[in-house]
Amino acid sequence: MARAAVSWFLRRALCSSRPLGAGPRRGPVSPPSAWAYAAVEPARPEQMVFVEYAAELEQQEEEEEKGKGKGNSEAASRKAEASSASGALRRQLQALEALSPPPAAEPQVTDPDFPAPELPSRNKRRRQEHRVYGTADPLEPASGSPCSGCGAVLHCVDPSLAGYLPSEKYKQLLQAGTLQRSVCQRCFLLVHHQKALEVRVQEGEYRRLLGRIAQESALVLYMLDLLDLSGSLIPDLRRLVGERNPVLVLANKIDLIPADCHDYLKRLRQRVLQHCGLAGICTDYRGRDVVHLISAKTGYGIEGLISRLQSSWRYRGNLYLVGNTNVGKSTLFNTLLQSDFCKSKAPDVIQRATVSRWPGTTLNLLKFPVINPTPYRMFRRSERLKVVKSQTEADLGEEELKQLHRLKKQGYLIGRVGRTFRNSQVGGERNKEIIEWDPDELSLSAEPEDCKKENVSNAQKVVEFTYNELKDARWFYDTPGILKQDCILNLLTDQELKFVMPSSGIVPRTYVLRPGMVLFLGALGRIDFLQGEKSAWFSVVASNQLPVHVTSLDKADSIYQKHAGKALLGVPNGGEERMKDFPPLESQDIELFGIGPFEAVADIKLSSAGWIAVTAQSQDKIRLRAYTPAGIGLTVEKPPLLPFIINVKGERIRKSPAYKLKKLQPIVENLRPLPQKHGLLKEWKHAGYL
């Protein structure tokens, strides 16, 4: 319908006898480019379809204009405007007819003289409506400026290469001198429209970037994902970063994991250290100081990490943050950029890294200068932390309190990351007005070119480092993540990733099953309970948005065939067409011996989608059959990561295999509880925080 409406408007404009330039208008229409491309949204990330406009039409119009005699200058100007706008509309119509059948979201073609059809309110509109992105210019040389979001070198040569900007915007920013603070097209679409263009770093390029670490004396911050601990290990990390460089392990996403007992943090730290030792990492270290449990998103453990780095590493060399994709490196980069770890001017000079669910967001090295932890600065910081630790929620400002309540909805462990020193030149405010890139400006413009140039030139003054500030600086580097090969996330679209990757604290879902029953975790995992003397408990530790379905063994195959790709199983979604390209489920038989009704015997890990903790009666031998797409990432881990997760559940739901959900209360680090909330102290002590 939308394509038909657009075509109707265009044909009406072409057939209308009224000149396009007549009547009031906001400005002259910019001369259209000879090339344009439209983005077609398939099940996988965006691919560019180029449409060549007929050059003969432009030549014919130019010959007609030259052949006309001299007349009234105003009439000639109006005719030129009408001819230019008519040619633009004709080319847009040809581009629409040349494209393949329309996707779900239609392109919106606008023109100053013809208002677009009415659209729903802004809150109801999808944030994926931009379709005309500009043109490439293979003859324009690449710049030496990196994208401030992903680190790729900016250029306008090829849309399939990292760091691409449409040539119109690229040349405009280059002329205005603001290219060094701009983001590429891919970062803009990831942040503002949750779209992912297929641009990734090859493994060879990733290893080349990390090869520079072994050539210098540096501290390596190795980040792991606690939700996919074994899958986020890099076995040959030591060879990549150098045998002599010390490694500090950061276990991220601790805020998403529910507490199953009072000392679960100590057990998780020991488990991380054990995995790193088996992989040949941290073999020369002992004790808890090697592993830090953090949440880059909520800030838990960040202030302690900064204190550790400033007291032990101090200012001896650069720091490199390494790890697999989707472990949270860019989120930690942004968090440290707003902390005491960077120079006070850095938040006003360095742009924030692009953060997305899509694997491989960072494509090159990102960096910010580290502050020199002098004794005076360390003293000032310790005084601020003492004041922060003595505060209650009643002492917080309105903005900080609002931020705290928002974080409480997203995780179980919250931290308060602050700054002791701020840049007085800008009053602590980020210079966000510098980057102004709207894909709408790359189609027919609604204002003259002179106005756009004036807007760029009138941008707020850019804050920059001086030579003396960076002369002997040490740097913190965020490196690209290496893409995990044996991972379910590689099979999913950006829309499906929203359901699979947890965005808030995981609430365990426990089910009691008898032999002959089946549990589906979306269409990404399936567990058949084939044999056992008694019932067993299955606790699902996965994203709260990923649906769980329990059925009988004789109905399981028909349910998968009928509902895979649809609402009942949720992920993947897209119906039969989506499932044609999705790998079929492959199975693995599992035998377990129960150790009691209060402790899980093993975790059945379904790649990066999550895991299912199995609890069986003591000495009960159970036989299971687990499935994942193409058998990807299907492992059995003993002992389980959360052995007492069976206790985090409510009452049994009547006439159902499910139990009621039980969500734990969030804990805020460095914040005293209010007097009226002393009832929480027992729960805090049970969780191991007091």
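Here the structure is a predicted model, which is why all the values come from computation and not from measurement.

1. Some words on the overall build of the protein chain
A count of helical and extended segments in the protein chain gives 19 helices and 20 strands. A fraction of 77% describes how many contacts in the protein chain between residues 6 or more apart in sequence connect residues 24 or more apart.

2. Things to note about the confidence of the model for the protein chain
With 67% of its residues at a pLDDT of 70 or more, the protein chain shows a mean pLDDT of 75. Within the model, the stretch residues 427-459 combines pLDDT values under 50 with 76 contacts to residues more than four positions away or in other chains.

3. A short note on the packing of aromatic side chains
Inspection of the entire model under this criterion finds eight aromatic pairs. Ring centres of phenylalanine 520 and tyrosine 560 lie 6.4 Å apart, and the angle between their planes is 15°; this geometry places the pair in the stacked category. Remark: tyrosine 560 occurs in helix H17 (residues 553-563) and phenylalanine 520 occurs in strand E11 (residues 517-521); sequence separation between them is 40 residues. Like phenylalanine 520, the residue tyrosine 560 is buried in the burial classification. Taken together, Phe333, Phe341, Phe368 and Phe476 form an aromatic cluster joined through their ring pairs. Above the ring of tryptophan 475, the side-chain terminus of lysine 367 is found at 4.2 Å from the ring centroid. Residue placement shows arginine 526 over the ring face of tyrosine 627; its charged tip is 4.7 Å from the ring centre.

4. Some words on the pattern of salt bridges
Applying the stated criterion across every chain yields a total of 18 salt bridges. Arginine 381 serves as the salt-bridge partner of glutamate 303, at 2.8 Å between the closest nitrogen and oxygen. One end of the pair, glutamate 303, is in helix H9 (residues 302-313); the other, arginine 381, is in helix H12 (residues 375-389), and 78 residues separate them in sequence. The pair formed by glutamate 303 and arginine 381 is uniform in burial state, with each residue classed as buried. For arginine 381, the salt bridge goes to aspartate 340, with nearest N and O atoms at 3.1 Å. Of this pair, arginine 381 sits in helix H12 while aspartate 340 sits in the loop between helix H10 (329-337) and helix H11 (346-349), and the two are 41 residues apart along the sequence. Under the relative-accessibility criterion, arginine 381 is labelled buried at 4%. Connected via shared salt-bridge partners are Glu303, Asp340, Arg381 and Arg384.

5. Comments concerning the sheet that holds strand E14 (residues 548-552)
Read from one edge to the other, the open sheet built from five strands follows the order E14-E11-E12-E18-E15, with strand pairing classed as antiparallel. Because the sheet does not close on itself, it has two edges, and the strands there are E14 and strand E15 (585-593). Ignoring strand direction, the axes of neighbouring strands in this sheet form an average angle of 20°. Bridging between E11 and strand E12 (residues 525-531) involves four bridges; their strand directions are antiparallel. When the bridges of E12 are listed, phenylalanine 520 appears paired with arginine 526. On top of the sheet, H17 reaches E11, E12, E14 and E15; it is set at about 130° to E14, its chief contact.

6. Things to note about empty space enclosed by the protein
Considering all chains together, one arrives at five cavities of 30 Å³ or more under this definition. Estimated volume of the second largest cavity: approximately 100 Å³. Around the second largest cavity, the lining is made up of 14 residues, and of these Leu226, Leu229, Lys605, Glu637 and Leu641 lie nearest the centre.

7. Quick notes on the packing of H9 against H12
Put simply, H9 and H12 touch, their axes get as near as 12 Å, and they point 160° apart. It follows that H9 is roughly antiparallel to H12 by the angle criterion. For the crossing formed where H9 meets H12, the hand is left-handed. Residues Glu303, Ile306, Ser307, Gln310 and Ser311 of H9 form the contact with H12, whose participating residues are Met378, Arg381, Arg384 and Leu385. Counted by class, the contact of H9 with H12 contains three nonpolar, three polar and three charged residues.

8. Comments concerning the sheet that holds strand E3 (residues 218-225)
Reading across from one edge, E5-E4-E3-E6-E9-E7 is the order of the six strands in this open sheet, with mixed pairing throughout. Each edge of the open sheet is held by one strand with a lone partner, namely strand E5 (291-293) and strand E7 (366-370). Averaged over neighbouring strand pairs, the angle between their axes works out to 20° when direction is ignored. Both strand E6 (residues 318-322) and strand E9 (residues 474-478) contribute to a ladder of three bridges, which runs parallel. In the strand pairing of E9, tyrosine 320 is matched with tyrosine 477. Across the face of the sheet, helix H8 (residues 264-278) comes into contact with E3, strand E4 (247-252) and E5 while running at roughly 135° to E5.

9. Points about the nonpolar core
In this structure, Tyr222 and Val272 are the most contacted members of the largest nonpolar core, which totals 57 residues. Those elements that place two or more of their residues in this core are E3, helix H7 (237-241), E4, H8, E5, E6, E9 and strand E17 (610-615). Among the elements that make up this core, the one with the highest residue count is H8 (six residues). If we skip the residues at most four places from it in the chain, tyrosine 222 touches Ser232, Leu233, Ile234, Leu237, Val247, Leu248, Val249, Leu250, Ile281, Val322 and Gly323.

10. Details of unusual backbone geometry
In this structure, the amide linkage connecting valine 571 to the following residue, proline 572, adopts the cis form with an omega of -5°. When you line up the elements, proline 572 lands in the loop between H17 and helix H18 (575-580). Proline 639 follows lysine 638 through a cis peptide bond whose omega is -10°. Even without glycine at this site, lysine 655 takes up a positive phi of about 55°. Summarising the element assignment, lysine 655 is placed in the loop between strand E19 (634-637) and strand E20 (667-668).

11. Thoughts on the pairing of E6
Look at any regular strand and the pattern is simple: side chains alternate between the two faces of the sheet. Counting buried residues along E6, five of its five residues qualify, which places the element largely inside the surrounding structure. Where burial is concerned, the two faces of E6 agree: the one with Asn318, Tyr320 and Val322 and the one with Leu319 and Leu321 are both buried. The sheet contact formed by E3 and E6 spans five bridges and is parallel. Its bridge partner being in E6, valine 220 is matched across the sheet by tyrosine 320.

12. A look at the environment of isoleucine 667
Within the secondary structure, isoleucine 667 sits in strand E20. Look at isoleucine 667 and you get buried, because its relative accessible area is 8%. It is 9.6 Å that separates the C-alpha atoms of isoleucine 667 and tyrosine 300, two residues lying 367 residues apart in sequence.

13. Observations concerning H12
A rise of 1.5 Å per residue sets the reference length of H12, with its 15 residues, at 21 Å; its end C-alpha atoms lie 21 Å apart and thus fit the reference within 8%. Looking at H12, one finds that the buried residues are Arg381, Arg384 and Val388. The buried residues of H12 occupy an angular sector of 60° when the element is viewed end-on, so they sit on one face. Opposite its buried face, H12 presents the exposed residues Pro375, Tyr376, Lys386 and Lys389, each directed more than 90 degrees away. Buried residues along H12 sit in contact with H9.

What counts as what
Residues numbered from 1 in each chain as written. Predicted model: local features only at pLDDT ≥ 70, side-chain atom pairs only at ≥ 80, totals over all residues. Heavy atoms only, no water. Helix = DSSP H or I, 4+ residues; strand = E, 2+ residues; numbered from the N terminus. Contact = heavy atoms within 4.5 Å. pLDDT = per-residue confidence, 0-100. Phe/Tyr/Trp six-rings, centres within 6.5 Å; stacked < 30°, edge-to-face > 60°. Buried < 20%, exposed > 50% of the residue type's maximum accessible area, 1.4 Å probe, protein only. Lys NZ or Arg CZ within 6 Å of the ring centre and 35° of its normal. Salt bridge = Lys/Arg side-chain N within 4 Å of Asp/Glu carboxyl O. Pairing = 2+ DSSP bridges. Axes fitted to C-alpha atoms, helices over the stretch in contact; angles between N-to-C directions. 1 Å grid on protein atoms, 1.4 Å probe; cavity = no way out; pocket = protein on both sides within 12 Å on 5 of 7 lines; lining within 4 Å. Points joined across faces, edges and corners; volume = space filled by probe spheres on them. Parallel < 35°, antiparallel > 145°, perpendicular 65-115°, else oblique. Left-handed = near helix turned anticlockwise from the far one by under 90°. Nonpolar A, V, L, I, M, F, W, Y, C, P; charged D, E, K, R; others polar. Core = buried A, V, L, I, M, F, W, Y, C linked by side-chain atoms within 4.5 Å. Expected span 1.5 Å × (residues − 1). Arc of directions from axis to C-beta.

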